[in-house]
Amino acid sequence: MSSQQPQARPAAALGTANLDFEARVDWTRLRDYRLSRARAALEASDLGALLVFDMNNIRYLTSTHIGEWARDKLCRFALLTRTGGPILWDFGSAAKAHRLHSPWLPPEDLRAGMTGMRGSVAPDAGLFADTASMLASILREHGVADLPLGMDLTELPMVFALQDEGIRVADGQQAMLEARRIKSPDELMLLSTAAAMVDGVYQTIAEQLKPGIRENDVVALASDMLYRMGSDDVECINAVSGERCNPHPHVFADRIIRPGDQAFFDIIHAYNGYRTCYYRTFSVGRASPSQRDAYAKAREWMDAAIALVKPGVTTDEIARAWPKAQEFGFDSEMEAFALQFGHGLGLALHERPIISRLNSLEHPEPIEAGMVFALETYCPADDGVSAARIEEEVVVTADGTKVITLYPADELVVTNAY
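## Side note on the sheet that holds strand β1 (residues 49-52)
Okay, step 1: Strand order in the open sheet formed by six strands is β4-β3-β2-β1-β5-β6, and the pairing between neighbours is mixed. Taken across any chain shown, the strands that pair with only one partner, and hence form the sheet edges, are β4 (110-112) and β6 (169-171). Strand-to-strand twist of the sheet, defined as the mean angle between neighbouring strand axes without regard to direction, takes the value 25 degrees.
Okay, step 2: Pairing between β1 and strand β5 (residues 149-151): three bridges, direction parallel. Its bridge partner being in β5, A49 is matched across the sheet by L149.
Okay, step 3: Taken strand by strand, helix α4 (residues 127-141) contacts β1, β2 (77-81), β3 (84-90), β4 and β5, and its axis lies near 20 degrees from that of β2.
Okay, step 4: Along the sheet, helix α6 (residues 173-180) makes contact with β1, β5 and β6, crossing β1 at roughly 90 degrees.

## Here's the deal with the sheet that holds strand β12 (residues 351-355)
Okay, step 1: Ordered by their spatial adjacency, five strands build an open sheet running β12-β11-β13-β14-β15, and the pairing between neighbours is antiparallel. Each edge of the open sheet is held by one strand with a lone partner, namely β12 and β15 (400-403). Strand after strand, the sheet turns through a mean of 30 degrees between neighbouring axes, direction not considered.
Okay, step 2: Direction of pairing for strand β13 (residues 372-380) relative to strand β14 (residues 387-397): antiparallel, over a ladder of nine bridges. What sits directly across from Y378, in β14, is R389.

## Looking at the pattern of salt bridges
Okay, step 1: The full count for this structure, using the stated rule, is 26 salt bridges.
Okay, step 2: When the shortest N-O distance is used, the salt bridge between K73 and D72 registers 3.3 Å.
Okay, step 3: With its nearest N and O atoms 3.0 Å apart, the salt bridge here joins R214 to D217.
Okay, step 4: Here R214 falls in the partly exposed class, since its relative accessible area comes to 34%.
Okay, step 5: Each member of the salt-bridge network shares a partner with another, and the members are E68, R71, D233, E235 and R275.

Rules and cut-offs
Residues numbered from 1 in each chain as written. Predicted model: local features only at pLDDT ≥ 70, side-chain atom pairs only at ≥ 80, totals over all residues. Heavy atoms only, no water. Pairing = 2+ DSSP bridges. Helix = DSSP H or I, 4+ residues; strand = E, 2+ residues; numbered from the N terminus. Axes fitted to C-alpha atoms, helices over the stretch in contact; angles between N-to-C directions. Contact = heavy atoms within 4.5 Å. Salt bridge = Lys/Arg side-chain N within 4 Å of Asp/Glu carboxyl O. Buried < 20%, exposed > 50% of the residue type's maximum accessible area, 1.4 Å probe, protein only.

Here you go:
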């Protein structure tokens, strides 16, 4: 009997637990899929092995996780060679814990290791040199020491120490991003469930968004609700209101919401590692004609982009559906970057494809079934302060798209109207 998920429902939103009476995420199948994709990408490259410090790549290869606190510390790493692995070196006692709780990896391949923690341990302590010597020995043992070693990100002393061992270091992030580009049915289910959690948060925000509440109050409300629902990382809640909407500052403050404000929010969180990027815009109490016009234009640009998405279309075609930077108040595409924007979603917030007028017109990529990405539009209002921001997450299917961000966005929502 096939264990595949029903293809008619490629992005079903389920609960936040597995049940014995419904087929939900198959964790073994998910782990096998991710590792097989990484191996295929490695085989298709000129690399002999991949050495990854990026937390998302470590999780993709090993299905291990030790918390968001480790994301920026470069204190754990994994190695996948053409002939073996993955081998994980984790932070102190985490390695021993993995041997108890991660039986899909051989105990001998779950090891303690650490290099420099972003320079906190100086290179002359020898940890980089010792790690490089150990890695070079493993690469020789696996017969790939003469091939380039692909790396995603690391500290410079690690690169220098590997070079001292005669190892050629190359860009390994491209191979990992290639592996992560097409999502499995299990990944689609996790992404859709993460989005469903945000659907509920927006309902709560709409009920609470009234004069007197502050941007940071909304951030606290959303963060609390997401963690209670089972999020494993609330990476960011953008809360932007009133005169702060234009230009978009990409950060919340303690501004007090006032009657007639336009306000937009971006909720970025992860469920079992799989992320959302999900904007919605509201007007508080009442909406002006200027605010409604800006929203209608942002929606028009969104709908034009979604209508184009299907296998075989290239990213430049989508980017051309959006206005040039100068048409909505910016001097260049670099200055307007990420306002009219598309980006892949998965274990990272930004995966492939990246869609914008900055990069896609000259370097287009094909859209393929199984991709998941977010599309974002932004339109300043002619009142000089308000702006509308909309974002939809889409799954690319064989014949088009399935939108998985379901909180209403066809028209501007006015909260607590009076």
